[in-house]
Amino acid sequence: MSTPTTVSAADTVSNAAATPDRVQPFGALGLKEDEYLKIREILGRRPTSGELAMYSVMWSEHCSYKSSKVYLRQFGDKVSEKMKKNLMVGMGENAGVVDIGDGWAVTFKIESHNHPSYIEPFQGAATGVGGIVRDIISMGARPVAVMDALRFGAIDDPDTARVVHGVVAGISFYGNCLGLPNIGGETWFDSVYQANPLVNALAVGVLRHEDLHLANARGVGNKVVLFGARTGGDGIGGASILASDSFSAGGPTKRPAVQVGDPFAEKVLIECCLELFRDKLVEGIQDLGAAGISCATSELASNGDGGMFIELEKVLLRDPTLTAEEILMSESQERMMAIVTPEKLEGFLAVTAKWDVETSVLGEVTDTGRLVINWHGEEIVNVEPRTVAVDGPVYNRPVAYPAWIDALQADSTAMLPRASTPDELRAQAVALLGSPNLASKDWITNQYDRYVMGNTALSFPDDGGMVRVDEETGLGFAVATDANGRFSQLDPYRGAQLALAEAFRNVAVTGATPVAVSDCLNFGSPENPEVMWQFSRAVEGLSDGCLELEIPVTGGNVSFYNQTGDVPIHPTPVVAVLGVIDDVANRIPSGWQDEGNNIYLLGITRDELDGSAWSDVLHHHLGGVPPVVDFAGEQRLAGLITAGSEQNIIASAHDLSEGGLIQAVSESVLRFGVGARVWVSEIMQRDGVDATAALFSESTGRAIVSVPREDDVRFVGLCEGRGYPVLRIGVTDSGGALEVQDQFTLTIDELRDTHRGTLPEHFGPVVGY
Amino acid sequence: MRIGVITFPGSLDDRDAQRAVRLAGAEPVALWHGEHDLRGVDAIVLPGGFSYGDYLRCGAIASFSPIMAEVIDAANSGMPVLGICNGFQMLTEAHLLPGGLIRNELGSFICRDQKLRVENVNTAWTNQFEAGAEITIPLKNGEGGFIADAETIARLEGEGQVAFRYLEVNPNGSINDIAGISNARGNIVGLMPHPEHATEEGFGPDTAAAMRSGVDGLTFFTSAIHALISA
């Protein structure tokens with residue numbers, strides 16, 4: 001029985017050759033005129049409408065990295081031997097893969113889904129999770145954790161609640177239903193993200209070395225198989241139209257370009273793929289994300305033998321009225337494309353049938369060097385695949401030093417009034433603790449499953465998430481994401497380095513050793529020369545920092561056009577750092593568990609309040625120069641904490657960053673409800689700073705650790721042996737309060753109410769508060 | 001002792017339930033929803049997750065999976081059966097337990113370390129608890145509000161079939177703070193919290209002693225083993 005459908009007449013290759021003058025809507029598809037002319041030159045004729053669809057999505061900013069490519073090369077160029085040593089797969093594949101020992105490897109990547117998440121927050125965020133998870137699967141790995149770096153508009157703007165509710169519910173819906181623990185991430189509120197929230201989703205997968213899979217189509221005669229969800233009309237042009245353009249007021253609604261997610265389909269797809277990998281039924285595999293079938297076919301062919309023949313009418317459809325061009329461009333979710341040898345096809349189909357995953361054989365690998373796509377027997381695409389997938393346009397966009405930045409840097413916090421009494425300091429500490437960016441994110445994280453899979457060793461609110469990989473040995477990984485758009489606005493080079501330093505430190509304080517980086521670079525329009533300057537400086541800063549720390553960037557994503565009208569967001573390079581720990585039993589939490597432990601501050605405090613939370617919350621000020629970064633110092637700090645974790649002499653460790661010492665100390669109290677008495681007089685004396693700087697400065701290279709009394713001598717010896725500045729600044733106690741000696745006292749209840757109250761006040765209640 | 005854990009399409013905590021069985025000292029046996037085969041197991045766990053994506057109603061489609069015919073027969077002849085979260089929803093959909101589960105009172109998914117009181121220690125899955133024991137078990141679901149008609153609630157309360165009650169906080173609006181129930185015979189137990197996530201030190205809920213050290217869930221599985229040995 002066949003379903004009667006009307007086949008849309010497609011523009012064929014011979015028709016294109018015969019009608020060279022037909023006017024084509026390249027502009028509506030997001031192509032510039034010179035790009036369109038280049039396509040005509042490559043083909044030696046006008047493109048068919050199908051070819052035009054393919055080129056338009058694959059040459060979009062989102063897929064081709066045409067504005068960023070010339071800069072991103074630095075991540076590959078600035079590498080030492082040490083950085084290459086454990087890197088199994090670097091940039092350019094679906095996700096980077098790092099050898100973590102004992103035959104295990106970890107793959108991870110962070111990617112943006114910013115624009116869809118503003119238009120349709122629930123589906124935009126949900127499919128952001130779905131997309132990054134499929135990147136992980138396509139490497140041959142089992143996804144084992146997710147986290148998100150989120151940036152929303154001002155917490156009290158009426159539209160923020162709409163976006164927050166949608167995004168968080170979308171991540172919760174999709175991630176929980178996939179059975180992946182959500183182990184961390186970060187959330188910021190700032191009016192610069194008002195009409196352009198950032199939703200950056202990260203996923204981590206684990207695999208045995210021998211299970212590594214790559215996206216290439218090799219072996220003439222091997223079958224090209226599409227499996228998973230059916231192809232529908234959702235997400236058409238998502239990459240070219242949504243992700244590669246700015247929102248303009250009064251423009252047409254772009255909702256049809258947002259994909260719709262079905263996490264159940266993806267969960268089944270994960271299990272199905274892992275069974276296919278286990279039984280060695282797959283030669284090459286690629287997920288379908290941005291640009292859908294256009295991307296998968298052209299990339300698989302480019303990375304393999306170069307030729308592929310596809311019969312497009314064999315694609316299973318949700319909507320039989322879709323045209324060939326729509327099928328090529330659709331970004332329907334939960335689909336994968338595999339290359340399968342003819343002998344293994346039967347076994348492949350048996351596995352997909354077991355999981356009720358719909359499958360269709362679309363075509364095969366050829367030796368023609370051409371990607372040929374037929375539609376009901378007529379040739380509608382005939383291109384050299386590399387011209388679509390690899391050799392897209394590359395732009396050296398104009399770069400201009402922003403004239404305003406000198407004035408911004410000159411406007412430092414030195415002029416701002418400082419607290420002159422203990423009461424004022426106390427009020428400032430409370431204001432910071434309850435400010436949206438420093439307040440508890442329980443309202444969000446309580447909606448995420450952190451337990452599923454049974455391997456979560458650390459999750460929010462600890463500094464990094466940690467997951468056990470090997471149940472026998474306890475081998476595991478830790479991961480953290482960080483970014484500070486305010487610092488990057490002041491100085492994008494240093495802002496990117498500060499994000500790297502903080503993520504590095506956040507991993508280090510869990511007891512893990514940082515080994516790799518993934519980044520999601522969120523910027524305004526690349527057509528704005530000042531934005532390109534910010535971008536170039538951020539990439540330079542990040543790549544220089546990675547070289548100094550000797551940890552490679554293994555992959556990531558660039559998101560441009562994050563602006564509303566002419567106003568770009570603060571440059572927001574989000575950096576994810578992955579670390580390895582030999583045994584997760586040695587992990588270190590971020591808070592105090594026992595009374596009577598000594599509290600030590602590691603590192604030096606400088607008077608660094610420019611760009612700080614203190615300047616933001618108390619003075620609504622942004623200006624000056626961000627804190628100094630010392631990567632050699634960060635490495636020594638990390639080495640010290642790792643050694644302490646291995647010797648089991650550190651009970652807790654918490655990095656100092658936004659909000660400074662007082663914020664870190666307050667969070668350490670709140671983690672398990674254990675109070676403390678601390679003093680800042682010795683910090684002030686040793687480092688020559690006042691109480692405001694001691695409490696609120698955001699100097700880098702610092703952490704607070706708590707140490708059981710019996711391990712005191714060994715700990716101090718460890719610090720001295722490694723030449724790292726250490727100062728005893730307090731002791732944990734059972735007093736039910738945080739006392740800052742000679743300054744002020746805050747009860748745990750007051751700390752908790754302040755910290756927990758802010759998000760529920762704006763977004764609704766949390767169970768149990 | 002062999003305890004089967006059934007995997008449905010969309011099951012999520014199936015491997016975790018298998019690990020819990022192993023940690024309790026029994027042999028976990030993976031069972032597939034599409035087969036009419038219990039592989040000779042002595043007890044059955046219906047694990048948590050989003051079987052069939054929670055489409056139609058949570059657990060509704062899975063309760064008609066082929067293997068459920070065998071599960072219903074075995075349960076009716078006294079085999080210990082534990083339904084966790086989505087598994088509890090399946091047991092109500094299959095009419096092995098009364099009542100139903102609806103959307104949480106606040107509307108959103110909730111994940112928290114939940115205090116419970118063990119109300120009935122005469123079931124296959126609770127016999128190793130002290131009567132009235134207060135335990136902490138992770139809770140994570142979107143549709144955990146237990147409801148039933150007044151007559152059913154009265155019967156459950158009257159017959160001691162309320163196995164667990166939420167303590168301190170009722171997280172989802174369940175009637176009478178009911179977190180889990182059993183059948184009259186006590187071999188079938190269903191609850192919304194996840195005991196399999198409180199079975200291994202280092203990966204469970206926080207306790208006063210140390211973070212992530214809660215293992216109260218292990219007793220569910222040792223209880224089943226005990227019930228089988230003494231049967």
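Residues numbered from 1 in each chain as written. Chains lettered and ligands numbered in written order. Predicted model: local features only at pLDDT ≥ 70, side-chain atom pairs only at ≥ 80, totals over all residues. Heavy atoms only, no water.

For chain B, an unreviewed UniProt entry supplies the name Phosphoribosylformylglycinamidine synthase subunit PurQ and the organism Lacisediminihabitans profunda. As stated in UniProt under Subcellular location (unreviewed entry), the record for chain B gives "Cytoplasm". Per UniProt, chain B has the following entry under Pathway (unreviewed entry): "Purine metabolism; IMP biosynthesis via de novo pathway; 5-amino-1-(5-phospho-D-ribosyl)imidazole from N(2)-formyl-N(1)-(5-phospho-D-ribosyl)glycinamide: step 1/2." (UniProt positions renumbered as here; feature names shortened; annotations may be inferred.)

Looking up chain A in an unreviewed UniProt entry gives the name Phosphoribosylformylglycinamidine synthase subunit PurL, with the organism given as Lacisediminihabitans profunda. Listed under Subcellular location (unreviewed entry) in UniProt, the entry text for chain A is "Cytoplasm". As its UniProt record puts it under Pathway (unreviewed entry), chain A is described as follows: "Purine metabolism; IMP biosynthesis via de novo pathway; 5-amino-1-(5-phospho-D-ribosyl)imidazole from N(2)-formyl-N(1)-(5-phospho-D-ribosyl)glycinamide: step 1/2."

## Regarding the overall build of chain A
Broken down by element type, chain A carries 28 helices and 28 strands. For 769 residues, the compact-globule estimate of 2.2 N^0.38 gives 27 Å, and chain A sits close to it at 27 Å. Principal-axis analysis of the C-alpha atoms gives chain A an extent of 85 × 55 × 50 Å. Across chain A, contacts joining residues at least 24 apart in sequence account for 85% of those joining residues at least 6 apart. Accessible area of chain A: about 24,700 Å², with a carbon and sulfur share of 50%. (Helix = DSSP H or I, 4+ residues; strand = E, 2+ residues; numbered from the N terminus. Rg over C-alpha atoms; globule rule 2.2 N^0.38 Å. Contact = heavy atoms within 4.5 Å. Areas by Shrake-Rupley, 256 points an atom, 1.4 Å probe, with all protein chains shown as cover.)

## Let's talk about the domain arrangement of chain A
Note: interface size is frequently given as the accessible area lost on complex formation between the parts. As far as domains go, chain A holds domain 1 (81-390) and domain 2 (588-760). For domain 1 of chain A and domain 2 of chain A, the distance between their C-alpha centres works out to 41 Å. (Domains from an automatic or database assignment.)

## Quick look at the UniProt feature "binding site: Mg(2+) 2" (unreviewed entry) in chain A
All names here are of chain A. In the numbering used here, UniProt assigns the "binding site: Mg(2+) 2" (unreviewed entry) feature to Asp135 and Asp287. Spanning 153 residues, the named residues nonetheless gather at one spot, since no C-alpha pair among them exceeds 6.2 Å. Turning to its location among the elements, Asp287 is positioned in strand β8 (residues 284-287). We classify Asp287 as buried; its relative accessible area is 7%. With residues near it in sequence (within four places) discarded, Asp287 still touches Asn94, Gly131, Arg134, Asp135, Ser138, Arg335 and Met336. (Buried < 20%, exposed > 50% of the residue type's maximum accessible area, 1.4 Å probe, protein only.)

## Quick notes on the interface of chain A and chain B
Listed per partner, the contact involves 40 residues of chain A and 35 residues of chain B. For the pairing of chain A and chain B, the buried interface totals around 3,200 Å² over both sides, and the portion due to carbon and sulfur atoms is 57%. On the surface where chain A and chain B come into contact, there are 7 salt bridges. Residue Glu471(A) is joined to Arg22(B) by a salt bridge in which the shortest nitrogen-to-oxygen separation is 3.3 Å. For the side of chain A that touches chain B, the elements supplying multiple residues, two or more each, are α9 (158-178), α11 (263-278), β14 (456-458) and α24 (660-672) of chain A. Looking at side-chain class alone, the side of chain A that touches chain B contains 17 nonpolar, 11 polar and 12 charged residues. (Buried area = accessible area lost by both parts, 1.4 Å probe. Salt bridge = Lys/Arg side-chain N within 4 Å of Asp/Glu carboxyl O. Nonpolar A, V, L, I, M, F, W, Y, C, P; charged D, E, K, R; others polar.)

## Here's the deal with the pattern of salt bridges
For the coordinates displayed, the defined rule picks out 52 salt bridges over all chains. A salt bridge links Arg397(A) to Glu61(A), with the shortest nitrogen-to-oxygen separation between them at 3.8 Å. Taken together, the positions of Arg397(A) in the loop between α15 (385-389) and α16 (405-410) and Glu61(A) in helix α4 (residues 61-64) put the pair 336 residues apart, joining distant regions of the chain. With relative accessibility at 15%, the residue Arg397(A) sits in the buried group. Residue Glu61(A) is classed as buried on the basis of its relative accessible area of 6%. Each of Arg142(A), Lys267(A), Glu271(A) and Arg15(B) takes part in one network of salt bridges that share partners.

## What about the sheet that holds strand β1 (residues 2-7) of chain B?
All names here are of chain B. Spatially, the 9 strands line up as an open sheet ordered β2-β1-β3-β4-β11-β10-β9-β6-β7, and their pairing is mixed. In the strand order of this sheet, the two ends are held by β2 (27-32) and β7 (134-141), each with one partner. In this sheet, neighbouring strand axes are inclined to one another by 25 degrees on average, regardless of whether the strands run parallel or antiparallel. Across 3 bridges, the pairing between strand β9 (residues 162-166) and strand β10 (residues 178-182) is antiparallel. Looking at β10, one finds that Val162 is bridged to Ile181. (Pairing = 2+ DSSP bridges. Axes fitted to C-alpha atoms, helices over the stretch in contact; angles between N-to-C directions.)

## Some remarks on the UniProt feature "active site" (unreviewed entry) in chain B
All names here are of chain B. Mapped onto the present numbering, the UniProt feature "active site" (unreviewed entry) falls at Cys85, His194 and Glu196. Maximum C-alpha separation among the annotated residues is 11.0 Å over a sequence range of 112 residues, consistent with a single clustered spot. Positionally, His194 belongs in the loop between β11 (188-191) and α5 (218-230). Of note is the side chain of His194, whose polar atom sits 2.7 Å from the side chain of Glu196. Secondary-structure assignment places Glu196 in the loop between β11 and α5. The exposure class assigned to Glu196 is buried, which follows from its relative accessible area of 3%. With sequence-adjacent residues up to four places away left out, Glu196 is seen in contact with Asp13, Asp16, Ala17, Ala20, Ile84 and Phe221. (Polar contact = N/O pair within 3.5 Å; in protein donor to acceptor, adjacent residues only side chain to side chain.)

## Observations regarding the packing of α24(A) against helix α28 (residues 748-763) of chain A
A pair of packed helices can be characterised by two numbers: the angle between their axes and the separation between those axes. All names here are of chain A. Orientation of α24 relative to α28, taken along the N-to-C sense of each, is 105 degrees, at an axis distance of 10 Å. The orientation of α24 relative to α28 falls into the category roughly perpendicular. On α28, the residues that touch Gln663, Ser666, Glu667, Val669 and Leu670 of α24 are Ile748, Leu751, Arg752 and His755. Per-class residue counts for the contact of α24 with α28 are 4 nonpolar, 3 polar and 2 charged. (Parallel < 35°, antiparallel > 145°, perpendicular 65-115°, else oblique.)

## Let's talk about the packing of helix α8 (residues 121-137) of chain A against α9(A)
Residues and elements named next belong to chain A. Taken N-terminus to C-terminus, the directions of α8 and α9 make an angle of 35 degrees; their axes are 6 Å apart at the nearest point. Crossing geometry of α8 relative to α9 is assigned as right-handed. Contacts from Pro121, Phe122, Ala125, Ala126, Val129, Gly130, Val133 and Arg134 of α8 reach α9 at Arg162, Val163, Gly166, Val167, Ala169, Gly170, Ile171, Phe173, Tyr174, Gly175 and Leu178. In terms of residue class, the contact of α8 with α9 is made up of 13 nonpolar, 4 polar and 2 charged. (Left-handed = near helix turned anticlockwise from the far one by under 90°.)

## A closer look at the sheet that holds strand β10 (residues 335-340) of chain A
All names here are of chain A. Read across the sheet, 7 strands follow the order β8-β10-β7-β11-β9-β12-β13 without closing on themselves; strand pairing throughout is mixed. Two strands lie at the open edges of the sheet, namely β8 and β13 (378-383), each paired on one side alone. Pairwise comparison of adjacent strand axes, ignoring direction, gives a mean angle of 20 degrees for this sheet. Sheet analysis places strand β9 (residues 307-311) next to strand β11 (residues 359-366), joined by 4 bridges and oriented antiparallel. Bridged to Ile310 within β11 is Gly363.

## Side note on the environment of Thr123(B)
Residue and element names in this part refer to chain B. Along the chain, Thr123 turns up in the loop between β6 (110-118) and β7. Through-space distance from the C-alpha of Thr123 to that of Ser223 is 8.4 Å; in sequence the pair is 100 residues apart. Once you skip the residues sitting within four places of it in the chain, Thr123 turns out to touch Ser182, Gly186 and Val189. Polar contacts involving the side chain of Thr123 include one to the main-chain amide nitrogen of Trp125, which spans 3.1 Å.

## A word on the pairing of strand β2 (residues 96-101) of chain A
Residue and element names in this part refer to chain A. In this structure, strand β1 (residues 87-89) lies alongside β2, joined through 2 bridges in antiparallel fashion. By the bridge assignment for β2, Val89 is matched with Val97. Hairpin connection of β1 to β2: 6 residues between the antiparallel strands, including Gly92 at a positive phi of 110 degrees. In this structure, β2 lies alongside strand β3 (residues 104-112), joined through 5 bridges in antiparallel fashion. In the sheet register, Asp99 faces β3, and the bridge partner there is Ala105. In sequence, β2 turns back onto β3 through a hairpin of 2 residues, with Asp102 there showing a positive phi of about 55 degrees.

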